Amino acid sequence: MIDPFGRAITYLRVSVTDRCDFRCVYCMSEDMVFMPKRDLLSLEELDRVCAAFIRQGITKLRLTGGEPLVRRDVMWLIRKLGSRLGQGLEELTITTNGSQLARFAEDLATAGVKRINVSIDTLDADKFAQITRWGKLDAVLAGVMAAKAAGLRIKINMVALKGVNEDEIDRMIEYCGRHQFDLCLIETMPMGEIDGDRMAQYLPLSLVRARIGQNWTLSPSAYATGGPARYVDIAETGQRLGFITPLTHNFCESCNRVRLTCTGTLFMCLGQEDAADLRAPLRRSSDDGALDAAIAEAISRKPEGHDFVIDRRHSRPAVARHMSVTGG
Ligand code: SAM
Ligand code: SF4
């Protein structure tokens, strides 16, 4: 699949549920309203859409959410998708908050998952409870250790929050270095209404990087994923450190990805409202012709870049849907 700007689309992110067992302050409001369950694609339908994408050239699939591991029977889908590895699909990964990892780590590895991303914004248990509102750090760290023991490679995602965890980045680099995890720092993105003030949370990573450079030896890394992360190598730990700065435009030209919501809506760009409904063609017939055509038509509309801007005066999100809908 080649989009109008000559980019090969090889990466699909699938939000398997918009529900979550946490309520991170930058992601959701505490009384978040979720999609009615009847609107969700069934696990069989999700597998069918993924298979259609794989037929058309997707080689990498990431399951996300919401929290993917809270969807009932999600392991059925993961095993089904895992069985497609080596048959067009090259990599199956998930992004998780880690709360259920202790339970699922072994099964994930058995299903063919080799790498996972786990979101941990702080190693301080009280702060973790404040940021996630409902999360328990101990359970997440135990889950991460279970994943490590199961042989999964781990990348920690940490959203950089001004005045909240900015003084903890060195500690996280040490933790990741000790366990041989990569680390990715993420700038907050203006997506969805939340209870707090977004601008108060916004911490530019350019500043963070300069501070980290005072304590660690950083050198540009050759590693690139086609995504919004730019990587450096940390000499002291031998691990990679990524910076995801979504508000800059420096990654759109190499963007290789599209995103499917749990209701079957395909977003061609995280930062644009334009979307394609794949649920209707999926349900219209058991023959995949209409679905394949809808996917091809959607890719032909992938925009050149995103329009993220923070409406500073009103502190309103640039994109109305929450990250948990499209998946991070
Ligand atoms: N629940 C899983 C998790 O937390 O890893 C997967 C979904 S979550 C939406 C994916 C990633 O998006 C997480 O790393 C989370 O920290 C990040 N995220 C959520 N809302 C964000 C926002 N407004 N700005 C930046 N990152 C955000
Ligand atoms: Fe849930 Fe992930 Fe959003 Fe936190 S960031 S509320 S864990 S979906």
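Structural data are supplied above this passage.
Residues numbered from 1 in each chain as written. Chains lettered and ligands numbered in written order. Predicted model: local features only at pLDDT ≥ 70, side-chain atom pairs only at ≥ 80, totals over all residues. Heavy atoms only, no water.

A short note on the packing of aromatic side chains
- In the structure shown here, the tally under the stated rule is three aromatic pairs.
- Their ring planes at 90° and their centres at 5.9 Å tell us that Phe-22 and Phe-128 sit as a pair that is edge-to-face. Placement of Phe-22 in the loop between β1 (11-15) and α1 (43-55) and of Phe-128 in helix α4 (residues 125-132) is noted, with a sequence separation of 106 residues between them. Residues Phe-22 and Phe-128 agree in their burial class; the two are buried.
- Here the aromatic rings of Tyr-175 and Phe-181 are separated by 5.9 Å at their centres, their planes lie at 70°, and the arrangement is edge-to-face. The burial state of Tyr-175 is the same as that of Phe-181; both residues are buried.
- Here the guanidinium or amino end of Lys-60 rests over the ring plane of Tyr-11, the centre of that ring lying 4.6 Å away.
- Here the guanidinium or amino end of Arg-240 rests over the ring plane of Tyr-223, the centre of that ring lying 3.5 Å away. (Phe/Tyr/Trp six-rings, centres within 6.5 Å; stacked < 30°, edge-to-face > 60°. Helix = DSSP H or I, 4+ residues; strand = E, 2+ residues; numbered from the N terminus. Buried < 20%, exposed > 50% of the residue type's maximum accessible area, 1.4 Å probe, protein only. Lys NZ or Arg CZ within 6 Å of the ring centre and 35° of its normal.)

Section: unusual backbone geometry
- Phi at Asp-73 takes a positive value of approximately 65°, unusual for a residue other than glycine.
- Checked against the element boundaries, Asp-73 lands in the loop between β2 (60-64) and α2 (74-82).
- According to the relative accessible area criterion, Asp-73 is exposed, its value standing at 54%.
- Despite not being glycine, Gln-180 shows a phi value in the positive range, around 60°.
- In this fold, Gln-180 is placed in the loop between α6 (169-179) and β6 (182-186).

Focus on the state of the cysteines
- A full pass over the atoms with the stated rule returns zero disulfides.
- Cysteine Cys-184 is unpaired, with the sulfur of Cys-176 as its nearest cysteine sulfur at 10 Å.
- Judged by relative accessible area, which is 0%, Cys-184 ranks as buried. (Disulfide = S-S within 2.5 Å.)

Side note on the environment of Ile-58
- Along the chain, Ile-58 turns up in the loop between α1 and β2.
- Along the primary structure Ile-58 and Leu-12 are separated by 46 residues, whereas in three dimensions their C-alpha atoms are 6.6 Å apart.
- Not counting chain neighbours up to four residues away, the residues in contact with Ile-58 comprise Met-1, Ile-9, Thr-10, Tyr-11, Leu-12, Phe-53 and Gly-88. (Contact = heavy atoms within 4.5 Å.)

As for the nonpolar core
- With 94 residues, the main nonpolar core has Leu-12, Ile-78, Ile-120, Leu-185 and Leu-266 as its most contacted residues.
- Ranked by residue count, the leading element in this core is α1, at seven residues.
- Those residues within four positions of Ile-78 in sequence are excluded, and the remaining contacts are Leu-63, Leu-69, Leu-92, Leu-108, Ala-111 and Val-113. (Core = buried A, V, L, I, M, F, W, Y, C linked by side-chain atoms within 4.5 Å.)

Some details on the site of ligand 1
- What surrounds ligand 1 is a group of 19 residues, the closest being Tyr-26, Gly-66, Ser-119, Val-159 and Met-189.
- One nitrogen or oxygen atom from the side chain of Glu-67 is found 3.3 Å from a nitrogen atom belonging to ligand 1.
- At 2.5 Å from an oxygen atom of ligand 1 is found a side-chain nitrogen or oxygen belonging to Ser-119.
- Elements with a minimum of two residues in the shell around ligand 1: β3 (91-96) and β5 (153-159).
- For the shell around ligand 1, the class distribution of residues is six nonpolar, ten polar and three charged. (Near = heavy atom within 4 Å. Polar contact = N/O pair within 3.5 Å; in protein donor to acceptor, adjacent residues only side chain to side chain. Nonpolar A, V, L, I, M, F, W, Y, C, P; charged D, E, K, R; others polar.)

Observations concerning the pattern of salt bridges
- Following the criterion strictly, the structure yields 19 salt bridges and no others.
- Put simply, Asp-47 and Arg-84 hold a salt bridge, and the shortest N to O gap is 2.9 Å. Here Asp-47, found in helix α1, pairs with Arg-84, found in the loop between α2 and β3; they are 37 residues apart in sequence, far enough to count as distant.
- The buried category is assigned to Asp-47, whose relative accessible area is 5%.
- What makes Arg-84 partly exposed here is its relative accessible area of 21%.
- A salt bridge links Glu-91 to Arg-115; the shortest N-O distance between them is 2.7 Å. Of this pair, Glu-91 sits in strand β3 while Arg-115 sits in strand β4 (residues 115-119); the two residues are 24 residues apart in sequence, bridging distant segments of the chain.
- Within this structure, Arg-48, Arg-55, Asp-288 and Asp-292 form a network of salt bridges that share partners. (Salt bridge = Lys/Arg side-chain N within 4 Å of Asp/Glu carboxyl O.)

A look at the pairing of β4
- Most of β4 sits out of view: four of its five residues are buried.
- Once you follow β3 into helix α3 (residues 101-111) and on to β4, the crossover reads as right-handed.
- Sheet topology note: the β4/β5 ladder contains five bridges and is parallel. Opposite Asn-117, over in β5, you have Lys-155 as the bridge partner. (Right-handed = clockwise from strand over helix to strand, strands pointing away. Pairing = 2+ DSSP bridges.)

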